[in-house]
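Each chain is listed here by its residues.
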Amino acid sequence: MTNNTEQNDELEIDLLKLIKALWHKAWLLVLVSFIFGGGALAYTYLYVDPLYESSAQMYVNNNGLSFDTSALSISSTDITASKSLVDTYMVILKSRQMLNEVIADAQLDLTYDELVEMITAASVDSTEVFEILVTDTDPYRAELIANTIAEDLPERISSIVEGSSARIVDYAVVPAAKSSPNLFKYTLMGALVGFVLSAGLIIIIELSDTTIREEDYLVTNYTDIPLLAIIPDMDRDDSNNNYYSNYKQ
């Protein structure tokens, strides 16, 4: 029981020493965090291309689902069928023939592999309306691609999925602001990395330092050896310091 108590006391003292060491080096933590945060901000601003998102919405009619009733009721089966249809439309949308047609109509200087990575689509609130989202470094090209897909996709869907027809709910517009990167987020992440690295370095230095600075350490760990005298460091201005130096003749 006594040994456990002594181990807990020793662990508490070690933690307090680490906290004290971090507190004394708080200026270094702030400085390194500021440098890393500023570096992340500069790198993101200068070297990371901004991305823009433009989206168009489409409604694909399916005879299996009806939204014309006065009392709208959608069962779990209807929702599952709707999601399944969106998956089908996604396959058609991202097919090589479909996107090659979009590249030709919009006169894009892109390959199929490049274009397919720029496009995502998803159902809007589990309905038959789905959104086509295009992400590009050029806001005008993003709008052009989204609208070209919206115009070419209905004919492609109706020719493949029997009994289905598609209509444009909302055309894409040129995005007014970039969607990424988030400068604040990257700056905060850089500052956090700087803080963690500097704190880790301070802790490692503190743990590897075997210098004896306090008389309590000698009294606690060497109880069989009497402490005869303490020589204060007279070069320090702080009268309350706990640091001691060797006697100089």
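See above for the structure.
Since the model is a prediction, treat every value here as computed from it, not as a measurement.

1. Focus on the packing of aromatic side chains
Per the stated rule, a full pass over the model turns up two aromatic pairs. Taken together, a centroid distance of 5.5 Å and an interplanar angle of 35 degrees make the contact between tyrosine 43 and tyrosine 47 tilted. Residue tyrosine 43 and its partner tyrosine 47 are both found in helix α2 (residues 26–47); the two are separated by four residues, about one turn of the helix. Taken as a pair, tyrosine 43 and tyrosine 47 share a single burial class, namely exposed.

2. Digging into unusual backbone geometry
With an omega of 0 degrees, the peptide bond running from serine 180 to proline 181 counts as cis. Residue placement: proline 181 occurs in the loop between β4 (165–170) and α7 (183–208). A positive phi angle is found at glutamine 107, which is not glycine, with a value near 55 degrees.

3. Here we look at the side chain of arginine 156
Relative to the helices and strands, arginine 156 is located in helix α6 (residues 139–160). In terms of polar contacts, arginine 156 uses its side chain to reach the side chain of glutamate 101, at 3.1 Å. Sequence-distant contacts of arginine 156, that is, excluding residues within four places in its chain, are made with Ile92, Gln97, Met98 and Glu101.

Basis of the calculations
- Residues numbered from 1 in each chain as written.
- Predicted model: local features only at pLDDT ≥ 70, side-chain atom pairs only at ≥ 80, totals over all residues.
- Heavy atoms only, no water.
- Phe/Tyr/Trp six-rings, centres within 6.5 Å; stacked < 30°, edge-to-face > 60°.
- Helix = DSSP H or I, 4+ residues; strand = E, 2+ residues; numbered from the N terminus.
- Buried < 20%, exposed > 50% of the residue type's maximum accessible area, 1.4 Å probe, protein only.
- Polar contact = N/O pair within 3.5 Å; in protein donor to acceptor, adjacent residues only side chain to side chain.
- Contact = heavy atoms within 4.5 Å.

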